[in-house]
Amino acid sequence: MNPQAKLLSITSLFLGSTITITSNHWVMAWTGLEINTLAILPLISKSHHPRAIEAATKYFLVQAAASALLLFSSMTNAWYIGQWDITQLTHPTSCLLLTTAISIKLGLVPFHFWFPEILQGTSLTTGLLLATALKFPPITLLLLTSPSLNPTLLTTMAVASAALGGWAGLNQTQTRKILAFSSISHLGWMTIILVYNPKLTLITFYLYCLMTIPIFLTLDTIKTLKLTTMSTAWTKIPSLTATLMLMLLSLAGLPPLTGFLPKWLIIQELTKQEMTPTATIIALLSLLGLFFYLRLAYCATITLPPNSINHMKQWQTNKSTKMLTATFITLSIMLLPLSPMIFAAP
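Residues numbered from 1 in each chain as written. Predicted model: local features only at pLDDT ≥ 70, side-chain atom pairs only at ≥ 80, totals over all residues. Heavy atoms only, no water.

### Focus on the overall build of the protein chain
Helix and strand counts for the protein chain come out as 16 helices and zero strands. Computed over the C-alpha atoms, the radius of gyration of the protein chain is 20 Å, within 12% of the 20 Å expected from 2.2 N^0.38 for a compact globule of 346 residues. The C-alpha extent of the protein chain, read off along each of the three principal axes, is 75 × 50 × 35 Å. Out of the 346 residues in the protein chain, the part that is buried amounts to 53%. As presented, the protein chain carries roughly 15700 Å² of accessible surface, and 70% of it is formed by carbon and sulfur atoms. Averaging the coordinates of the 18 positive side-chain charges in the protein chain and doing the same for the 7 negative ones gives two points 16 Å apart. (Helix = DSSP H or I, 4+ residues; strand = E, 2+ residues; numbered from the N terminus. Rg over C-alpha atoms; globule rule 2.2 N^0.38 Å. Buried < 20%, exposed > 50% of the residue type's maximum accessible area, 1.4 Å probe, protein only. Areas by Shrake-Rupley, 256 points an atom, 1.4 Å probe, with all protein chains shown as cover. Lys, Arg positive; Asp, Glu negative; His and termini not counted. Charge placed at Lys NZ, Arg CZ, Asp CG, Glu CD.)

### So, the UniProt feature "transmembrane region" (unreviewed entry) in the protein chain
Feature annotation in UniProt places "transmembrane region" (unreviewed entry) on residues 56-76, 96-115, 152-171, 178-196, 202-219, 240-261, 281-304 and 324-345, given in this structure's numbering. End C-alpha to end C-alpha, residues 56-76 measures 30 Å, and it is 100% helix and 0% strand. Taken end to end, residues 96-115 comprises 65% helix and 0% strand; its first and last C-alpha atoms sit 22 Å apart. (UniProt positions renumbered as here; feature names shortened; annotations may be inferred.)

### With respect to the packing of aromatic side chains
In total, this model carries seven aromatic pairs according to the counting rule given. Here the aromatic rings of Trp114 and Phe115 are separated by 5.4 Å at their centres, their planes lie at 75°, and the arrangement is edge-to-face. As far as the burial class goes, Trp114 and Phe115 line up, both buried. Relative to Tyr206, the ring of Phe205 lies with its centre 6.4 Å away and its plane at 50°, an arrangement referred to as tilted. Pairwise contacts between aromatic rings join Tyr59, Trp114 and Phe115 into one cluster. (Phe/Tyr/Trp six-rings, centres within 6.5 Å; stacked < 30°, edge-to-face > 60°.)

### Observations regarding empty space enclosed by the protein
Taken as a whole and judged by the stated rule, the model has six cavities of 30 Å³ or more. In this model, the largest cavity occupies a volume close to 120 Å³. Around the largest cavity sit 13 residues that line it, and Tyr59, Gln63, Lys105, Leu134 and Pro138 are the ones nearest its centre. Elements with a minimum of two residues in the lining of the largest cavity: α2 (26-44), α3 (50-81), α5 (114-120) and α7 (136-145). It is α2 that contributes the most residues to the lining of the largest cavity, three residues altogether. (1 Å grid on protein atoms, 1.4 Å probe; cavity = no way out; pocket = protein on both sides within 12 Å on 5 of 7 lines; lining within 4 Å. Points joined across faces, edges and corners; volume = space filled by probe spheres on them.)

### So, unusual backbone geometry
The amide bond that connects Val109 to the next residue, Pro110, takes the cis arrangement and shows omega of 5°. Residue placement: Pro110 occurs in the loop between α4 (92-106) and α5. That bond from Pro255 to Pro256 is cis: its omega, 5°, falls within 30 degrees of zero. One non-glycine residue with positive phi stands out, namely Lys223, at about 50°. The residue Lys223 is located in the loop between α10 (198-221) and α11 (227-230) in this model. Look at Lys223 and you get exposed, because its relative accessible area is 54%. Its identity as a non-glycine residue notwithstanding, Glu274 has a phi of 60°, on the positive side. On the basis of relative accessible area, Glu274 is assigned to the exposed category, the value being 74%.

### Structural notes on the layout of surface pockets
The volume enclosed by the largest pocket comes to roughly 650 Å³. Together, 24 residues line the largest pocket, and Leu13, Phe14, Leu129, Thr132 and Ala133 are the ones closest to its centre. Counting only elements with at least two residues in the lining of the largest pocket, the list comes to α1 (3-22), α2, α6 (124-131), α7 and α10. Per-element accounting of the lining of the largest pocket gives the leading share, six residues, to α1.

### A closer look at the domain arrangement of the protein chain
Partitioning the protein chain into domains gives domain 1 (1-128) and domain 2 (150-307 + 319-345). Taken together, the contact pairs 20 residues of domain 1 with 25 residues of domain 2. Summing the contributions of domain 1 and of domain 2, the shared interface buries around 1900 Å²; its carbon and sulfur component is 77%. Summed over the shared surface of domain 1 and domain 2, the number is one salt bridge. (Domains from an automatic or database assignment. Contact = heavy atoms within 4.5 Å. Buried area = accessible area lost by both parts, 1.4 Å probe. Salt bridge = Lys/Arg side-chain N within 4 Å of Asp/Glu carboxyl O.)

### Side note on the packing of α4 against helix α8 (residues 151-169)
Packed helices, taken two at a time, are described by the angle between their axes plus the distance between the axes. Packing of α4 against α8 brings their axes to within 11 Å, and their N-to-C directions diverge by 20°. In this view, α4 runs roughly parallel relative to α8, as classed from their interaxial angle. Between α4 and α8 the crossing geometry is right-handed. Of α8, the residues touching α4 (which contributes Leu96, Thr99 and Ser103) are Leu153, Leu154 and Met157. (Axes fitted to C-alpha atoms, helices over the stretch in contact; angles between N-to-C directions. Parallel < 35°, antiparallel > 145°, perpendicular 65-115°, else oblique. Left-handed = near helix turned anticlockwise from the far one by under 90°.)

Here it is in structure tokens:
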């Protein structure tokens, strides 16, 4: 891809996200989301492969529909209440339409179908942007409007997302699809606590990004797109493959790794809100995710491929791990001791 075009796309992504996050007016928020959609399309379709073109087309149609719903929601609210302010969304129909629009943008169940297909059609670096940076503006809008949203609807969608993210990920052999269903499952955890503690939703999102970024960067470094190639990738950079197992277990939420922190805080908050059955259900559903993370970890570090005469050995490369990847790996594994600071925060 032309460096100038890539720079323009990435700058537009920053601009669109900043406009949406900092705006008070619905039209400005919508404008930012539209800039984001248009900026990511060239990055999705840059390989010119039919799958990439298909992914870009699907992404455009889905995001356009979600943006239209969001604009319709804000116009309905302005018609009845006379307010264009994001925090003043109070009309019930507008709240329902907004929940639908943001769910489509994020890929929450039952509007999740597009996300795994699009992630499968793009490169790992673009997939990383789709799974992390492009989720931030819609989540910000959810946080700003959280007092007006329907808690029952959000809880139902959250539990369904956690369940489907776990179930659908079990049968996948493509690493990008597994990470897509992992993202859907984590969105369920973020949504379930949104109405009760919006700050916790934001912490969960930040920690999810911290854990997902090094996994995408590692898979991109060892050029692994399928489980079958993952079992032969250990000879390339053994140290990186070994830490990949820890990152995956962190994403699964096992103590004493970073990923345990958001799940622990969310379950604690749900129990405080007298939602113990919901907390129990979502905790049990995370076991489904644990199974496919363990399968990925098993393929990455424990499995040896059968040594046949025709088997081509992938020799260890002299390629060193980038400083950025190493930093994110450390953060994705070792942040749990900082949890007292989060408790102490006002």
